[in-house]
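Remarks on the overall topology
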Amino acid sequence: MSADVSPSTDEELMAAIATHDAVALETLYDRYSPLLYGLCLRILHRHADAQAVLSEVFFEIWHKGERFDPTRVSARTYLVTVARSRAVDHLRAAATRTEKEGAAGRERRYASQGQDPTAGPTERTILSEEAELVRAALGTLPEAQRESLRLAYFECLTHMEIAARTGIPLGTVKSNIRQGLLKLRGALAPGMVERGK
Amino acid sequence: MNCDACQDRLLEFASESLAPAEAELVRAHLTGCVQCRGMLDELQEAFATLALTASPVAPPAELKQELLTRIHADLDGPRAEVASRATRATVWRTVLPYIAVSLCAVLAGVIAVSVADRRVERQEMLAKQFHERMDASRRAFPSSRMRFASHGPSAPSDEVTFYLILDNAAGEVHFHALNLVQPSAGKHLELWLESVQGEPVHLGRLEPDASGTCSASFPLRAPNLEVARAIVTEEATTGARPTGPEKVSAVFGNAAGAP
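Residues numbered from 1 in each chain as written. Chains lettered and ligands numbered in written order. Predicted model: local features only at pLDDT ≥ 70, side-chain atom pairs only at ≥ 80, totals over all residues. Heavy atoms only, no water.

1. Quick word on the interface of chain B and chain A
Contacts between the two partners involve 38 residues from chain B and, on the opposite side, 59 residues from chain A. In total, about 4800 Å² of surface goes out of reach between chain B and chain A, with carbon and sulfur atoms giving 63% of it. In this structure, the connection of chain B to chain A is made through 5 salt bridges. Between B:Lys64 and A:Asp30 there is a salt bridge, and its shortest N-O distance comes to 2.8 Å. Our count for the chain B to chain A interface comes out at 13 residue pairs in polar contact (both at pLDDT 80 or more). Contributions of two or more residues to the side of chain B that touches chain A are made by helix H1 (3-14), helix H3 (34-51) and helix H4 (61-140) of chain B. Considered class by class, the residues forming the side of chain B that touches chain A number 20 nonpolar, 8 polar and 10 charged. (Contact = heavy atoms within 4.5 Å. Buried area = accessible area lost by both parts, 1.4 Å probe. Salt bridge = Lys/Arg side-chain N within 4 Å of Asp/Glu carboxyl O. Polar contact = N/O pair within 3.5 Å; in protein donor to acceptor, adjacent residues only side chain to side chain. Helix = DSSP H or I, 4+ residues; strand = E, 2+ residues; numbered from the N terminus. Nonpolar A, V, L, I, M, F, W, Y, C, P; charged D, E, K, R; others polar.)

Listed below in structure tokens is the structure:
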């Protein structure tokens, strides 16, 4: 089959998945599983948890692919949003289960993971042009903005929790996150920063 | 919830860190507001760029195989089901009468015990969810702009339990109850606020489900009201003042939100 008759854009793949095209799902998996697995690992820290979530995410996409609306967000944003949402659910469910375990148990659990989970032998670094742009933009943010974004997105803390942890006033935390997001988006979509101000 | 209140909360909603009770209100508003949905989409696009800063990691190859096996089983499922249905039917016709007689005897004994157990379990689960929701809601609203009233025991029970949050900034009242009494035939329940001067302010009708659970939000059309109590009455008609009997009430706490 020639390449031009196969769905190739993310949005075309999503449309094909909505009609239960297993090949399209496999293609999308190959394209996005490293990004989504890396994201889940960053949030959950444990490979077993990240694998469980990744599997559920793609099964959900398979069953509910028709929920994706390309007029609202890009397919990548949709996939990332679903993956992070399921990772957060998993994190909170695990936190509830291990509530009685206490801080000592939590420390033991993380310690048992050994080194940085993203530095294992299966690591495959794919520094896309966009990722480099976002990382560069992140590097230019003031430390307080960068830290607020990290705590909100990867540690899944509420704004009040971020304020309590960093000692920054709640209103400033909100402002830091909003401004930081605008600058990151601006790195990918020039002009957005100006519009957002 | 109006657009301003929704947009105030969108940033936390987009990062899934909004309290569940508030997230429900935002979700309800978003279903009918194209403008706020558009703002949410922008925020989600922006948050998604952060995911690019996580190092991509290839998942184990067997994970993909497991997923594909699961998907193909899902595709083949309906066909396999039809093929095996005839075989299963023959087996069931032979053994079903024996199984049915045995099960009836066992079930009669088990049901009596488990019904009571399930009722207690359900009551405990509802009470736990209620208090989690109440705590989350109280934390979600800045104490400077909200007033809070609650009624009921902290332990699971059959008693009426409710809380009410008056959000002065948004001009809204949020009510949530368990075990709310069902109104008599031909009557209904109404929620009121009573000012410190004893004047009633009508909020709206309460419609508990069969188990007595009830959640409702109402606009508050009386700005700067100094509230003293929240009251539920049983009414035959709806008027400007309550005429029916008071079923349950709660006193508002101080301005800092403590009951």
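2. Description of the environment of B:His29
Residue and element names in this part refer to chain B. Note on placement: His-29 falls in helix H2 (residues 20-30). Exposure remark for His-29: the relative accessible area of 14% places this residue in the buried category. A sequence separation of 24 residues divides His-29 from Ala-5, and the C-alpha atoms of the two residues are 9.8 Å apart. Beyond its immediate sequence surroundings of up to four residues, His-29 is in contact with Met-1, Asn-2, Cys-3, Cys-6 and Cys-36. (Buried < 20%, exposed > 50% of the residue type's maximum accessible area, 1.4 Å probe, protein only.)

3. A word on the sheet that holds strand S3 (residues 172-178) of chain B
Residue and element names in this part refer to chain B. Taken in spatial order, the 4 strands line up as S1-S2-S3-S6 in an open sheet, and their pairing is antiparallel. Of all strands in the sheet, those bounded by a partner on one side alone are strand S1 (146-151) and strand S6 (214-219). For this sheet, the mean angle separating the axes of adjacent strands, direction not counted, is 10°. Relative to strand S2 (residues 161-167), S1 runs antiparallel, the two sharing 6 bridges. (Pairing = 2+ DSSP bridges. Axes fitted to C-alpha atoms, helices over the stretch in contact; angles between N-to-C directions.)

4. Brief notes about the sheet that holds strand S5 (residues 200-206) of chain B
Residue and element names in this part refer to chain B. Ordered in space as S5-S4-S7-S8, the 4 strands form an open sheet in which the pairing is antiparallel. Two strands bound the open sheet, and with one partner strand each, they are S5 and strand S8 (246-251). Each strand of the sheet is rotated relative to its neighbour by a mean of 20°, with strand direction disregarded. Alignment of strand S7 (residues 227-235) against S8, held across 5 bridges, turns out to be antiparallel. By the bridge assignment, Ile-231 is partnered in S8 with Ser-249.

5. Describing unusual backbone geometry
Residue and element names in this part refer to chain A. Phi at His-20 takes a positive value of approximately 65°, unusual for a residue other than glycine. Of note, His-20 is situated in the loop between helix H1 (10-18) and helix H2 (22-44). For His-20, a relative accessible area of 33% gives the class partly exposed.

6. Quick notes on the nonpolar core
A:Met14, A:Leu28, A:Leu36, A:Phe58, A:Ile61, A:Ile177 and A:Leu181 are the most contacted members of the largest nonpolar core, which has 79 residues in total. Among the elements that line this core, the one with the most residues is H2(A), at 14 residues. (Core = buried A, V, L, I, M, F, W, Y, C linked by side-chain atoms within 4.5 Å.)

7. Quick notes on the pattern of salt bridges
Here the structure, examined in full by the defined rule, presents 17 salt bridges over all chains. The partner of B:Glu199 in a salt bridge is B:Arg241, and the shortest N-O contact between them spans 3.2 Å. Here B:Arg241 lies in the loop between S7 and S8 and B:Glu199 lies in the loop between strand S4 (188-195) and S5, a separation of 42 residues in the sequence. Within the structure, one salt-bridge network assembled from shared partners comprises A:Glu26, A:Asp30 and B:Lys64.

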